[in-house]
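# Observations on the model geometry
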Amino acid sequence: GNRSHPTCRLSQSPILHANPFLILSYLPPSLFSFSFSSFSLSYLSLDSPLSPVSAMSHAKSREDANGECRDSKSRVTIVGSGSWGSVAAKLVASNALKLPSFHDEVRMWVFEEVLPNGEKLTDVINKTNENANYLPGIKLGRNVVADPDLENAVKEANMLVFVTPHQFMDGICKKLKGKIKGEVEAISLVKGMEVKKEGPCMISNLISKELGINCSVLMGANIANEIAVEKFSEATVGYRESREIADTWVQLFSTPYFMVTPVRDVEGVELCGTLKNVVAIAAGFVDGLEMGNNTKAAIMRIGLREMKALSKLLFPSVKDSTFFESCGVADVITTCLGGRNRRVAEAFAQSGGKRSFDELEAEMLEGQKLQGVSTAREVYEALNHRGWMEMFPLFSTVHQICIGRLKPDAIVNYRNFGPNPKL
Ligand SMILES: NC(=O)c1ccc[n+]([C@@H]2O[C@H](COP(=O)([O-])OP(=O)(O)OC[C@H]3O[C@@H](n4cnc5c(N)ncnc54)[C@H](O)[C@@H]3O)[C@@H](O)[C@H]2O)c1
Ligand SMILES: O=P(O)(O)OC[C@H](O)CO
């Protein structure tokens with residue numbers, strides 16, 4: 001925000017800035033006789049290092065040896081600058097200007113590219129305030145600063161927003177390992193997962209493990225181009241423990257046209273965002289084969305059922321209600337109607353499976369990346385690993401069509417799969 005900040009006396013944190021009184025509603029009644037500062041210390045000492053509550057000590061790490069306040073406002077960096085990354089920067093930048101608890105400047109790490117005219121993408125963004133490659137025609141906000149140096153982009157930030165295609169997240173985390181200092185909170189807008197030897201690893205978990213920071217998620221029915229022109233939509237923040245942290249992220253992303261709801265179910269929200277991309281590929285096959293609306297609705301329903309069943313098998317704590325949030329049924333609908341995964345899968349089916357997804361992606365998406373095809377492979381590996389294949393006919397069929405083992409019309413061949421009581 002552009003108001004100057006008063007002298008620093010309290011420990012500063014995103015939460016305290018967001019609403020200092022909110023904290024009081026979470027105090028155990030027995031602690032009301034304590035002074036605020038003694039409460040913070042005793043409460044923190046009970047908390048794990050990764051707990052979101054530890055962000056309350058953020059300002060401490062920002063005080064110098066004399067207790068003088070070095071920097072009391074939160075700084076946000078967006079790690080990623082594709083189409084959704086650019087829209088996320090626009091949303092956050094508009095709020096950072098308005099909210100006094102945030103620095104005006106929002107850094108955006110850009111995977112550097114050279115445009116056909118020889119200019120660097122970063123220079124173009126900083127000159128024109130538009131991402132010419134991934135979100136042309138949309139002003140990001142003058143307070144967005146593009147930075148091609150990943151380490152430099154994150155070094156001052158205490159709030160990190162990760163939003164790159166999921167296949168790049170492992171490399172990004174490896175580059176940042178050991179470089180994140182002080183109390184930092186993260187949120188992942190990445191729809192996807194990693195499959196490791198020991199099983200699937202959600203991206204928020206990868207970030208937490210590699211960087212040693214708490215990570216929330218934001219998912220939802222969010223086709224970037226529509227939000228870029230400020231058409232109304234909703235999103236879901238999934239958080240682990242601290243409602244205060246969730247509220248801070250909600251505040252940072254919410255606008256009159258982007259309504260964000262917090263849900264205490266980080267795995268459920270993230271698995272919805274991840275698995276719906278596989279369902280979107282199936283819907284694209286149906287469209288490419290001109291099978292009609294009833295078939296597409298059936299695929300969406302079966303897909304949603306498999307999303308819920310797999311999520312609950314992987315994480316029994318996942319809540320049924322999460323599937324009725326924007327991240328669940330609404331994202332299945334929007335992606336199956338208007339997403340990139342659907343569009344490219346439609347072209348794949350129209351070619352009778354003769355053109356590869358890689359070729360179609362390069363031709364149709366101009367540098368943007370599909371998530372559904374690699375997620376279908378990752379889900380297939382996970383199902384295979386656990387012996388769950390037969391319980392998930394839609395997920396396993398999508399992968400086999402993508403790799404050419406089955407023809408696209410196999411997407412409606414469920415004769416061998418009766419209703420599964422376990423789903
Ligand atoms: N676009 C949407 O409508 C939308 C909406 C919600 C969520 N998402 C999710 O957000 C995430 C990011 O998607 P997006 O749409 O912003 O990206 P995108 O597909 O528009 O763009 C691709 C991005 O990848 C970058 N990139 C290319 N090679 C790279 C490399 N080697 N290392 C690092 N980065 C590289 C490019 O510079 C570009 O920023 C995905 O998980 C996606 O599912 C997208
Ligand atoms: O264009 P897609 O298929 O990558 O989907 C975009 C968003 O995830 C929709 O919420």
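Residues numbered from 1 in each chain as written. Chains lettered and ligands numbered in written order. Predicted model: local features only at pLDDT ≥ 70, side-chain atom pairs only at ≥ 80, totals over all residues. Heavy atoms only, no water.

### A word on the site of ligand 1
The cut-off we apply is this: One heavy atom within 4 Å of a molecule or strand is enough for the residue carrying it to be called near that molecule or strand. Identification of polar contacts relies on pairs of N or O atoms within 3.5 Å, with a donor-acceptor requirement for protein atoms, meaning one able to donate a hydrogen and the other able to accept it, and with residues adjacent in sequence counted only if both atoms are side-chain atoms. Accessible surface is estimated by sampling points in the Shrake-Rupley manner with a 1.4 Å probe; for residues, cover comes only from the protein chains shown. Only DSSP runs of H or I reaching four residues or more are called helices, and only runs of E reaching two or more are called strands; each is numbered from the N terminus. Domain boundaries shown here were taken from an automatic or database domain assignment.
The environment of ligand 1 is formed by 24 residues, the closest being Ser 83, Asn 222, Ala 224, Lys 369 and Gln 371. In the environment of ligand 1, an oxygen atom lies 3.0 Å from a nitrogen or oxygen atom belonging to the backbone of Gly 82. Residue Lys 191 places a main-chain N or O atom 2.9 Å away from an oxygen atom belonging to ligand 1. For ligand 1, the accessible surface in isolation is 840 Å², of which the surrounding protein chains cover 89%. Per-element tally for the shell around ligand 1: the top contributor is helix 3 (residues 83–98), with 3 residues. Both of domain 1 (74–264) and domain 2 (269–412) provide at least three residues apiece to the shell around ligand 1.

### Focus on the nonpolar core
So the rule is basically this: Working definition of a nonpolar core: buried Ala, Val, Leu, Ile, Met, Phe, Trp, Tyr and Cys residues. They are joined through side-chain atoms within 4.5 Å. The rule is simple: take the accessible area with a 1.4 Å probe, protein chains only, and divide by the maximum for that residue type; under 20% is buried, over 50% is exposed, in between is partly exposed. Contacts: residue pairs with any heavy atoms within 4.5 Å of one another.
In terms of nonpolar packing, the biggest core is built from 55 residues, with Phe 285, Leu 310, Phe 357, Phe 395, Val 398 and Ile 411 touching the most fellow members. Put simply, the parts of the chain that give this core at least two residues each are strand 8 (214–219), helix 10 (266–288), helix 11 (293–314), helix 12 (326–338), helix 13 (340–350), helix 14 (357–365), helix 15 (372–386) and helix 16 (393–402). Broken down by element, the residue count for this core peaks at 13 residues, all from helix 10. When we break this core down by domain, the ones giving at least three residues each are domain 1 (74–264) and domain 2 (269–412). For Val 398, the contacting residues outside a window of four places in its chain are Val 278, Ile 281, Ala 282, Phe 285, Ala 376 and Ile 411. Listed in part, the 46 residues of the second largest apolar core include Val 161, Val 163, Ile 227 and Phe 253.

### What to know about the sheet that holds strand 4 (residues 159–162)
This is how it is decided: Paired strands, in this sense, are two strands between which DSSP finds at least two bridges. Here an axis means a line fitted to C-alpha atoms, over the contact stretch when the element is a helix, while the angle between two N-to-C directions is reported on a 0 to 180 degree scale.
The 8 strands lie next to each other as 3-2-1-4-5-8-9-10, forming an open sheet whose pairing is mixed. Since the sheet does not close on itself, it has two edges, and those belong to strand 3 (144–147) and strand 10 (258–263), each with one partner. On average, adjacent strands in this sheet sit at an angle of 25° to one another, irrespective of strand direction. In this structure, strand 4 lies alongside strand 5 (residues 185–188), joined through 4 bridges in parallel fashion. Counterpart to Met 159 in the pairing with strand 5 is Glu 185.

### Some details on the site of ligand 2
The environment of ligand 2 is made up of Lys 191, Gly 220, Ala 221, Asn 222, Ile 223, Lys 276, Asp 331, Thr 334, Thr 335, Gly 339, Arg 340 and Asn 341. For ligand 2, an oxygen atom lies 2.8 Å from a polar atom in the side chain of Lys 191. Measuring from an oxygen atom of ligand 2, one finds a backbone N or O atom of Arg 340 at 2.7 Å. Here ligand 2 has 310 Å² of accessible area as a free molecule, and 92% of this is covered by the chains. The biggest single contributor to the shell around ligand 2 is helix 12, with 3 residues.

### Some points on unusual backbone geometry
Notably, Glu 290 is not glycine yet its phi reads approximately 50°, a positive angle. Tracing the sequence through the fold places Glu 290 in the loop between helix 10 and helix 11. Backbone geometry places Glu 366, a non-glycine residue, at a positive phi of 50°. Structurally, the position occupied by Glu 366 is in the loop between helix 14 and helix 15.

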